[in-house]
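# An overview of the molecular structure
Chain by chain, the residues run as shown.
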Amino acid sequence: MKKTKGKYIKFIVTLISVGIFVYSYLVVCTGYMNKTTEAYKEVEQIKLLIREREIKLEQEEDILQEVDKINKQKQDIIDQYPVHIAKEDNFMFVEKMQEALKIELSSLNVSDNTGFYNTILPAVVTEEDSEDDANDKMETMNGVVNTINMNFLTDYEGFKELSEYVRNYPEPTVIDNVAVSYDSSTGALAGNLTLKRFALNGTGKEYKGTPIDDINIGIDNLFGTGSPEKSDSDIDNEAGEE
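Here is a short report on the structure shown in this document.

A few words now on the overall build of the protein chain. From N to C terminus, the protein chain includes 5 helices and 5 strands. For the protein chain, the N- to C-terminal ordering of α and β elements is α-α-β-β-α-β-α-β-β-α. When burial is assessed residue by residue, the protein chain has 21% of its 242 residues classed as buried. At a minimum sequence separation of 6, the contacts of the protein chain that also span at least 24 residues come to 76%. When the accessible area of the protein chain is evaluated, it comes to approximately 18,300 Å², of which 55% is carbon and sulfur surface.

Written out as structure tokens, the structure is:
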């Protein structure tokens, strides 16, 4: 009887132990397993966020490189434009063009600068500009244009060279209008040409005027008027002075 009772007690103790183990597994171990699973999920989410950030950083670097490239292209374009073109600059432009080409000019007319385009690029403020009244400050870079109108005489090759000269000129210059007539007996081309030259002010560049020496445009009298006739007394006086 005592042995049966002992076995029964031992069985109950074993059953209780198994119950405690099962309870511990279900409550404690399962809880830790759930926490571990959640931790793994959080790790994967963090890895995903890190990868997304890495991709954004790579894209940011590409974008910054592209921005630098665009800024350089923009600056290269701005650098092509003079900040101002005075009338004397245009006279010297024509003088150098005439020296470089087989062309003779019979008349020349140069216009003043005229604004034609307001950009969205902010104007560069220099120290000199900062001393001016704020109302007079330029807010954006603005494009201006002036025209050179001339009557010319050349030949076919000279006209081709003239077109190439204008096309390859380092400062923005275009042929706006041209009309020519051909003399088959001499091979000469006579015509009228209108050039447009462009400047961009507000770039912060300093304007430097063109040194002017003697200007020769192929005629003795720039204004196209006749020389005054000399009287007999003037001729006699000149002969006496000699």
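Don't stop here, the text continues.
With respect to burial, strand β5 (residues 188-201) is a largely interior element, 11 of its 14 residues being buried. Two elements, strand β3 (residues 140-155) and β5, share 14 bridges in a ladder whose sense is antiparallel. When the sheet's bridge partners are listed, Asp155 is paired in β5 with Ala188. In terms of strand pairing, strand β4 (residues 173-183) meets β5 through 10 bridges, oriented antiparallel. What sits directly across from Ala179, in β5, is Asn192.

Quick look at the side chain of Asn201 now. Relative to the helices and strands, Asn201 resides in strand β5. Excluding residues within four positions of it along the chain, Asn201 makes contact with Val83, Met138, Met141, Asn142 and Val144.

So, about the nonpolar core. Looking at soluble globular proteins, one finds that nonpolar side chains tend to be buried together. Counting residues in hydrophobic clusters, the biggest one holds 17 residues, and the most contacted among them are Val94, Ile148, Met150, Leu162 and Leu195. Within the residue set of this core, elements represented by two or more residues are α2 (87-100), β1 (104-110), β3, α4 (156-167) and β5.

A few words now on the environment of Val145. If you trace the backbone, Val145 turns up in strand β3. By relative accessible area, Val145 is classed as buried at 14%. Linking Val145 and His84, residues 61 residues apart in sequence, is a C-alpha distance of 9.6 Å. Setting aside chain neighbours within four positions, we find Val145 in contact with Asp112, Asn113, Thr114, Phe116, Lys196, Arg197 and Phe198.

Right, let's get into α2. If you check α2, its first and last C-alpha atoms are 20 Å apart, about what 14 residues at 1.5 Å a residue would give, namely 20 Å. Among the residues making up α2, those that are buried are Asp89, Asn90, Met92, Phe93, Val94, Glu95, Met97 and Gln98. Those residues of α2 that are buried lie in contact with β1, β3, α4, β4 and β5.

To describe a pair of aromatic rings, one takes the distance between the centres and the angle between the planes. Applying the stated criterion to the full structure yields 5 aromatic pairs. The interplanar angle of 50° and the centroid separation of 6.5 Å between the aromatic rings of Phe93 and Tyr165 together place this pair among those described as tilted. Separated by 72 residues along the polypeptide, Phe93 in helix α2 and Tyr165 in helix α4 bring together distant segments of the chain. Given a relative accessible area of 21%, Tyr165 falls into the partly exposed group. Here the aromatic rings of Phe152 and Phe159 are separated by 6.0 Å at their centres, their planes lie at 10°, and the arrangement is stacked. The exposure class assigned to Phe152 is buried, which follows from its relative accessible area of 3%. Connected via pairs of aromatic rings, a cluster forms that spans Phe93, Tyr165 and Tyr169.

Reading the values: the criteria
Residues numbered from 1 in each chain as written. Predicted model: local features only at pLDDT ≥ 70, side-chain atom pairs only at ≥ 80, totals over all residues. Heavy atoms only, no water. Helix = DSSP H or I, 4+ residues; strand = E, 2+ residues; numbered from the N terminus. Buried < 20%, exposed > 50% of the residue type's maximum accessible area, 1.4 Å probe, protein only. Contact = heavy atoms within 4.5 Å. Areas by Shrake-Rupley, 256 points an atom, 1.4 Å probe, with all protein chains shown as cover. Pairing = 2+ DSSP bridges. Core = buried A, V, L, I, M, F, W, Y, C linked by side-chain atoms within 4.5 Å. Expected span 1.5 Å × (residues − 1). Phe/Tyr/Trp six-rings, centres within 6.5 Å; stacked < 30°, edge-to-face > 60°.

The analysis is restricted to geometry; functional conclusions fall outside its scope.
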